[in-house]
Amino acid sequence: MDARQKTELFQIAGGRVRFHVPMSRYTTFRVGGDAEALCQPADMECLCRALAFLTREGIPYLAVGRGSNLLVRDGGIRGVVILLSGELARAEWKPGGRVLAGAGLSLADLLTGCKQMGLSGLEFLAGIPGTVGGAAAMNAGAFGSETGAWIEEMRAVDPRGHVHAYDRSQLRFSYRRLDMETGSVIAQAGFRLTSDAPERVAERIGKYLKRRKALQPIAEASAGSVFKNPPHDYAGRLIEQAGLKGTRVGGAMISRRHANFIVNTGGATAADILTLMEAAKEAVMQTAGIALELEVRVVGDPAGTDPA
Ligand SMILES: Cc1cc2nc3c(=O)[nH]c(=O)nc-3n(C[C@H](O)[C@H](O)[C@H](O)COP(=O)(O)OP(=O)(O)OC[C@H]3O[C@@H](n4cnc5c(N)ncnc54)[C@H](O)[C@@H]3O)c2cc1C
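Please read these numbers as outputs of a predicted model, since none were measured by experiment.

A. A look at the overall build of the chain. Each helix and strand in the chain was counted, giving seven helices and 20 strands. Taken along the three principal axes of its C-alpha coordinates, the chain extends 55 × 50 × 30 Å. The burial tally for the chain puts 50% of its 308 residues in the buried class. Of the contacts formed within the chain by residues at least 6 apart in sequence, a portion of 66% connects residues at least 24 apart. Put simply, the chain shows about 14000 Å² of open surface, and 50% of that area lies on carbon and sulfur atoms. Where the 37 positive side-chain charges of the chain centre and where its 32 negative ones centre are 5 Å apart.

Okay, structure coming up:
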């Protein structure tokens, strides 16, 4: 980005832009080089104007929630990271078990609201450290349930800055995926939930959290499951069977608790993590003949590339 583009983006975003921001602070893996810019639109109009401007100028951008499913390479991100804030990170609670949630809202805050309002359905998301936008884009799921099943409407902004409203029938969710126009940013998701006693909702959230703690290294820096589960099997079981639990490259390690998690034990680089991912993929291909597919999204440039 040149100086004019930086000034214009700064004005469009009402000053909510920073330059050369380390992505290690915005991802749960705690690795990754700098984003050229990080922009935090606080309302729909600002998001629309920012996307239209970036598209017009040919500047790449990437929507990021909590970066809990992202591996940013060590050379950082050329262009602009869009992090939704303000009105786009709040929930409106409506009658009839409906909630319209800003895509930047954390799942933890959404669940706190569900508990208080006595609304059931999303308890399975407890302990997933993402946002509503990230959970919708990834169709995040656990314990046999998926986010998409609870979404009845969605608003997204296309790369030209136009808002589109989608109802359920127009949303194509599949395993860890939502089909959307490339460059569209989810702004809000509307959920329809069912009424239940707040204490029962709280109890179920507690139960899921407990199960998660028993199964996953949730206190360590990771991006959750690295690979998707292949049909009728588990990536973790296959990696464990290949004998890779505890394997280290630099500061990265295949978790001893759950083999489909790679953890940053301190000082890992994205390159360390990528090397482990490749090793796991190769070993599973050799031992089981199965091609694992990444669930974690790898973005950015390798180290040594000069951000513009
Ligand atoms: C300890 C741990 C446990 C986890 N457990 C689970 C689990 O049980 N099940 C599961 O499914 N996942 C799990 N995850 C992975 C991750 O938390 C989820 O995929 C989560 O939904 C990602 O949300 P996020 O906001 O962090 O998205 P990010 O990681 O920031 O982004 C993920 C993808 O979504 C896109 N995206 C984000 N926001 C938007 C938006 N507003 N509009 C358009 N695209 C957007 C990004 O561009 C990127 O491609 C876990 C991760 C950790 C660290």
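B. Representation of the packing of aromatic side chains. For the coordinates displayed, the defined rule picks out one aromatic pair. Taken together, a centroid distance of 4.9 Å and an interplanar angle of 25 degrees make the contact between Phe143 and Tyr208 stacked. With a gap of 65 residues between them, Phe143 in the loop between β9 (141–142) and β10 (145–146) and Tyr208 in helix α5 (residues 198–215) connect regions that are remote in the sequence. By relative accessible area, Phe143 is classed as partly exposed at 28%. One Lys or Arg, Lys207, reaches over the ring of Tyr208 and ends 5.3 Å from the middle of that ring.

C. View of the nonpolar core. Counting residues in hydrophobic clusters, the biggest one holds 54 residues, and the most contacted among them are Leu9, Leu47, Val80, Ile82, Leu122 and Phe191. A total of eight residues in this core trace back to one element, the largest contributor, which is helix α2 (residues 44–57). Ranked by size, the runner-up nonpolar core spans 25 residues in total, among them Ala235, Ala242, Ile254 and Ala268.

D. Local environment of the site of the ligand. Around the ligand, 35 residues are found, and the nearest of them are Ala63, Gly65, Ser68, Thr131 and Gly141. Taking Ile186, its main chain carries an N or O atom lying 2.8 Å from a nitrogen atom of the ligand. In this structure, an oxygen atom belonging to the ligand sits 3.0 Å away from a side-chain N or O atom of Arg212. Protein burial of the ligand: of its 970 Å² of free accessible surface, 94% is covered by the chains. Looking at the shell around the ligand, the elements with two or more residues in it are β3 (61–63), α4 (132–138), β9 and β15 (185–192). No other element matches α4, which puts five residues into the shell around the ligand.

E. Geometry of the pattern of salt bridges. One pass over the full model with this rule turns up 18 salt bridges. Across the pair Glu123 and Arg204 runs a salt bridge, and its minimum N-O distance is 3.0 Å. Of this pair, Glu123 sits in the loop between β8 (119–120) and α4 while Arg204 is found in helix α5, placing the two residues 81 residues apart along the sequence. Where Arg237 meets Asp233, a salt bridge forms, and the shortest distance between an N and an O atom there is 2.8 Å. The exposure class assigned to Arg237 is partly exposed, which follows from its relative accessible area of 40%. Taken together, the shared-partner salt bridges connect Arg98, Glu152, Glu153 and Arg192 into one network.

F. Quick look at the environment of Ser184. Mapped onto the elements, Ser184 comes out in the loop between β14 (177–179) and β15. The class of Ser184 is buried, set by a relative accessible area of 12%. Between the C-alpha atom of Ser184 and that of His162, which follows or precedes it by 22 residues, the distance is 9.5 Å. Those residues in contact with Ser184 that lie beyond four places of it in its chain are Val157, Asp158 and Pro159.

Quick notes on the rules
- Residues numbered from 1 in each chain as written.
- Predicted model: local features only at pLDDT ≥ 70, side-chain atom pairs only at ≥ 80, totals over all residues.
- Heavy atoms only, no water.
- Helix = DSSP H or I, 4+ residues; strand = E, 2+ residues; numbered from the N terminus.
- Buried < 20%, exposed > 50% of the residue type's maximum accessible area, 1.4 Å probe, protein only.
- Contact = heavy atoms within 4.5 Å.
- Areas by Shrake-Rupley, 256 points an atom, 1.4 Å probe, with all protein chains shown as cover.
- Lys, Arg positive; Asp, Glu negative; His and termini not counted.
- Charge placed at Lys NZ, Arg CZ, Asp CG, Glu CD.
- Phe/Tyr/Trp six-rings, centres within 6.5 Å; stacked < 30°, edge-to-face > 60°.
- Lys NZ or Arg CZ within 6 Å of the ring centre and 35° of its normal.
- Core = buried A, V, L, I, M, F, W, Y, C linked by side-chain atoms within 4.5 Å.
- Near = heavy atom within 4 Å.
- Polar contact = N/O pair within 3.5 Å; in protein donor to acceptor, adjacent residues only side chain to side chain.
- Salt bridge = Lys/Arg side-chain N within 4 Å of Asp/Glu carboxyl O.

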